[in-house]
Each structure stands twice: as C-alpha cells, then as structure tokens.
Amino acid sequence: MSDPSRPIRTAAVIPAAGRGVRLGPGAPKALRALGGTPMLVHAVRAMAASRAVSLVVVVAPPDGAAEVRHLLNEHPLADLTDLVVVPGGETRQESVRLGLAALPEAVDVVLVHDAARPLVPVDTVDSVIAAVRAGAPAVVPALPLADTVKQVEPQPQGTPEPVVGTPERARLRAVQTPQGFDRETLLKAHDTVVEGEGATDDAGLAERLGAPVVVVPGHEEAFKVTRPLDLVLAEAVLVRRRAIDGYV
Ligand SMILES: Nc1ccn([C@@H]2O[C@H](COP(=O)(O)OP(=O)(O)OP(=O)(O)O)[C@@H](O)[C@H]2O)c(=O)n1
Ligand SMILES: C[C@](O)(CO)[C@H](O)COP(=O)(O)O
C-alpha cells in the first residue's frame, strides 16, 4: 500500500502494441485514425484529462517506438507533464510488463488503459483513481451485460457447441479500462503470474495473487474498438461530442 508520508503520483500505462487483426488489414490499430486523429492520441488525451495523471507511458508496437514518439510530438496532449514511449511485446501482458518497467519510483498509483478504448470519459478515469486512493488495491470499471451469456463446450469449427450452463446475468459485469492499482500489487501480479494462465486483463493477474478487486461503474463510451462496427460507433460518438462540447 502507499506510504502516506510520500505524495501520491499517478501514472497511466497505455498498451498500444497490438496489431488489430480483428479490425482488418491496415496499420497497427492504435495508429489508425478516429475522426482524423490517431486512436492512441485520443487515449493519451483521455488519461491526460484527469488532473491526477502526471505521467503517461505508451507501449508502442515492438518496432515502432520512434514513429509513435514522433506522432505524439505532433499532437497537443493537454496538460500532460511527462510522456514516455517504450517498445511493446508479443502479447498484451508482456506489453504492460514492459510499460511498468519504465515507471519511476515515485509513482504510487498505476492505471492500465487500452489504446483501443479511446473515448473513455474523464469521470470514469477519476472514479477509478479515487477508489484506489481510498484503499482498494485493484479497481476495474465495468458495466452490467445486455445479453444472456451461455457457457459452452467448445467444438471443432462448424459443429454446434453444447451449452453446459447459464451464469446468472445479474452477477456478471463486462470489464473495461482504465484498471487502477496500487503499484506494489500490480508489479507483484505481473512478476508472479505466468503468461498463458488465462488472465485477459490486469485485474485477472491480481485476482490470481488473491488480491481483492473491486468494480466501479464503467461507461458505455469506454467500449473497446475491436471490430469494424466498433469503429463506426466510435466515429459517431466523436461526431456527437464535437457537436455538443467542442471536443477535439
Ligand atoms: N502484443 C500486444 C497486444 C495488445 N496490446 C494492446 O492491448 C490493448 C487491448 O488489445 P486488443 O484490443 O485485443 O488489441 P489487439 O491485440 O491489437 O487486437 P487483435 O486481437 O484484434 O489483433 C490494445 O490497446 C492493444 O494495442 C499490446 O499493447 N500488445
Ligand atoms: C483488458 C480488457 O480490455 C478488459 O476488457 C480486455 O480483457 C482485453 O482483451 P483483448 O482480447 O486483448 O482485447
């Protein structure tokens, strides 16, 4: 936990090294345009919009750190005081671990935020930070599900999959980012949990350590741009924001 005698410094690590295979052919997903601006720039601005965040570590595609640094230099990034760019890895978990290695000692609270969630509102970011500062070692923003979920027995492609269960929907949440952690918990989780043990998010690593993880309300606009239709929705959200409040 944080030492109360030291000032809390909050940093955000943005994994942006993914290829974006599900979005279709093109540049790495984080570098593709959303409303004329790279998705990554929106994501960095979303973190910088929080007054608490003073450092952003961007994890670039493995061979693209110089290009990403150049691109970020070309865009205004609000009041961000510190920006670091490091090369990423083959998996999201490896990319986050490489980003964490760049954090200075003074950082107490760490957010991990997907570049692929460019439109998360600042209120969501702030409520995650507030929950960590209030003492929760791991915090995730999440929303209730709209669909019923079935658990199946996976089969070869083309074979119908038998249903083996229907989890109670009211107890399920769809998890977003930024996920917030006290530094010690997150570093220990990444040091301890081996890649491939099935954790698809950072809180999942903390859970495997036995750390308590809590959920705060997420936001519909924090959705992940994964498939082509998500990009259509993101463009529409951006048009609405620009019309309503002059968002850039
Ligand atoms: N080796 C990787 C893989 C993913 N990510 C990042 O993790 C976030 C969430 O991943 P996802 O949306 O699944 O992105 P991709 O891995 O790029 O998508 P796909 O699986 O379609 O290729 C993204 O910001 C992505 O850039 C990363 O930093 N390093
Ligand atoms: C971290 C995450 O965005 C939480 O929903 C998600 O688990 C990333 O998963 P992906 O399959 O790498 O997109």
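Residues numbered from 1 in each chain as written. Chains lettered and ligands numbered in written order. Predicted model: local features only at pLDDT ≥ 70, side-chain atom pairs only at ≥ 80, totals over all residues. Heavy atoms only, no water.

An unreviewed UniProt entry lists the protein chain under the name 2-C-methyl-D-erythritol 4-phosphate cytidylyltransferase, with Streptomyces halobius as the source organism. Database annotation for the protein chain, UniProt heading Pathway (unreviewed entry): "Isoprenoid biosynthesis; isopentenyl diphosphate biosynthesis via DXP pathway; isopentenyl diphosphate from 1-deoxy-D-xylulose 5-phosphate: step 2/6." Under Function (unreviewed entry), UniProt gives the following word-for-word description of the protein chain: "Catalyzes the formation of 4-diphosphocytidyl-2-C-methyl-D-erythritol from CTP and 2-C-methyl-D-erythritol 4-phosphate (MEP)." (UniProt positions renumbered as here; feature names shortened; annotations may be inferred.)

**Regarding the overall build of the protein chain**
Per the secondary structure count, the protein chain includes seven helices and 12 strands. In terms of overall dimensions, the protein chain is globule-like: its C-alpha atoms have a radius of gyration of 18 Å, near the 18 Å expected for 248 residues. A principal-axis box enclosing the C-alpha atoms of the protein chain has dimensions of 55 × 40 × 40 Å. Pairs at least 24 residues apart make up 73% of the contacts formed inside the protein chain by residues separated by at least 6 positions. Taken as a whole, the protein chain presents about 12,500 Å² of accessible surface, with 55% of it coming from carbon and sulfur. Here the protein chain contributes 25 positively and 30 negatively charged side chains, and the mean placements of these two sets differ by 3 Å. (Helix = DSSP H or I, 4+ residues; strand = E, 2+ residues; numbered from the N terminus. Rg over C-alpha atoms; globule rule 2.2 N^0.38 Å. Contact = heavy atoms within 4.5 Å. Areas by Shrake-Rupley, 256 points an atom, 1.4 Å probe, with all protein chains shown as cover. Lys, Arg positive; Asp, Glu negative; His and termini not counted. Charge placed at Lys NZ, Arg CZ, Asp CG, Glu CD.)

**Remarks on helix H1 (residues 39-48)**
Counting buried positions over the 10 residues of H1 gives 10, a clear majority of the element. Turning to H1, its buried residues are Met39, Leu40, Val41, His42, Ala43, Val44, Arg45, Ala46, Met47 and Ala48. (Buried < 20%, exposed > 50% of the residue type's maximum accessible area, 1.4 Å probe, protein only.)

**Some remarks on the nonpolar core**
Judged by nonpolar contacts, the single largest core of 37 residues is most densely connected at Leu40, Val44, Met47, Val56, Val58 and Leu72. Elements with a minimum of two residues in this core: strand E1 (10-15), H1, strand E4 (53-60), helix H2 (65-73), strand E5 (82-87), strand E6 (109-112) and helix H4 (122-133). With seven residues, H1 is the single largest residue contributor to this core. With sequence-adjacent residues up to four places away left out, Val58 is seen in contact with Ile14, Ala16, Leu40, Val44, Val68, Leu72, Leu83, Val84, Val85 and Val86. In this structure, Val112, Val140, Leu186 and Ala211 belong to the second largest nonpolar core, which totals 19 residues. (Core = buried A, V, L, I, M, F, W, Y, C linked by side-chain atoms within 4.5 Å.)

**Focus on the site of ligand 1**
The immediate surroundings of ligand 1 are formed by 18 residues, with Pro15, Gly20, Val21, Arg22 and Ser95 found nearest. Within the side chain of Lys29, a nitrogen or oxygen atom sits 2.8 Å from an oxygen atom of ligand 1. At 2.7 Å from a nitrogen atom of ligand 1 is found a side-chain nitrogen or oxygen belonging to Ser95. Grouping the constituent residues of the shell around ligand 1 by class yields six nonpolar, five polar and seven charged. (Near = heavy atom within 4 Å. Polar contact = N/O pair within 3.5 Å; in protein donor to acceptor, adjacent residues only side chain to side chain. Nonpolar A, V, L, I, M, F, W, Y, C, P; charged D, E, K, R; others polar.)

**Description of the site of ligand 2**
Neighbouring residues of ligand 2: Arg22, Arg92, Asp114, Arg117, Val175, Thr177, Thr200, Asp201 and Lys224. At a separation of 3.4 Å, an oxygen atom of ligand 2 approaches a polar side-chain atom of Arg22. The contact in question runs from an oxygen atom of ligand 2 to an N or O atom on the side chain of Arg117, over 2.8 Å.

**Topic: the side chain of Asp230**
With respect to the helices and strands, Asp230 occurs in helix H7 (residues 228-245). Arg227 provides the closest opposite charge to the buried, salt-bridge-free Asp230, at an N-O distance of 4.8 Å. Among residues more than four places away in sequence, those in contact with Asp230 are Phe223, Lys224 and Val225. (Salt bridge = Lys/Arg side-chain N within 4 Å of Asp/Glu carboxyl O.)

**Re the UniProt feature "site: Positions MEP for the nucleophilic attack" (unreviewed entry) in the protein chain**
Annotation from UniProt places "site: Positions MEP for the nucleophilic attack" (unreviewed entry) at Arg169 and Lys224. Counting through the fold element by element, Arg169 comes out in the loop between strand E9 (163-165) and strand E10 (173-175). One polar contact links the side chain of Arg169 to the main-chain carbonyl oxygen of Ala146, over a distance of 2.9 Å. Examined against the element boundaries, Lys224 turns out to sit in the loop between strand E12 (214-217) and H7.

**A word on the UniProt feature "site: Transition state stabilizer" (unreviewed entry) in the protein chain**
Those residues carrying the UniProt feature "site: Transition state stabilizer" (unreviewed entry) are Arg22 and Lys29 in this numbering. With respect to the element layout, Arg22 can be found in the loop between E1 and strand E2 (33-34). Those residues in contact with Arg22 that sit more than four places away from it in its chain are Lys224, Thr226, Arg227 and Pro228. When you line up the elements, Lys29 lands in the loop between E1 and E2. On the basis of relative accessibility, which here comes to 12%, the residue Lys29 falls in the buried class. The residues contacting Lys29, other than those within four sequence positions of it, are Gly18, Arg19, Gly20, Leu23, Met39, Ala116, Val225 and Thr226.

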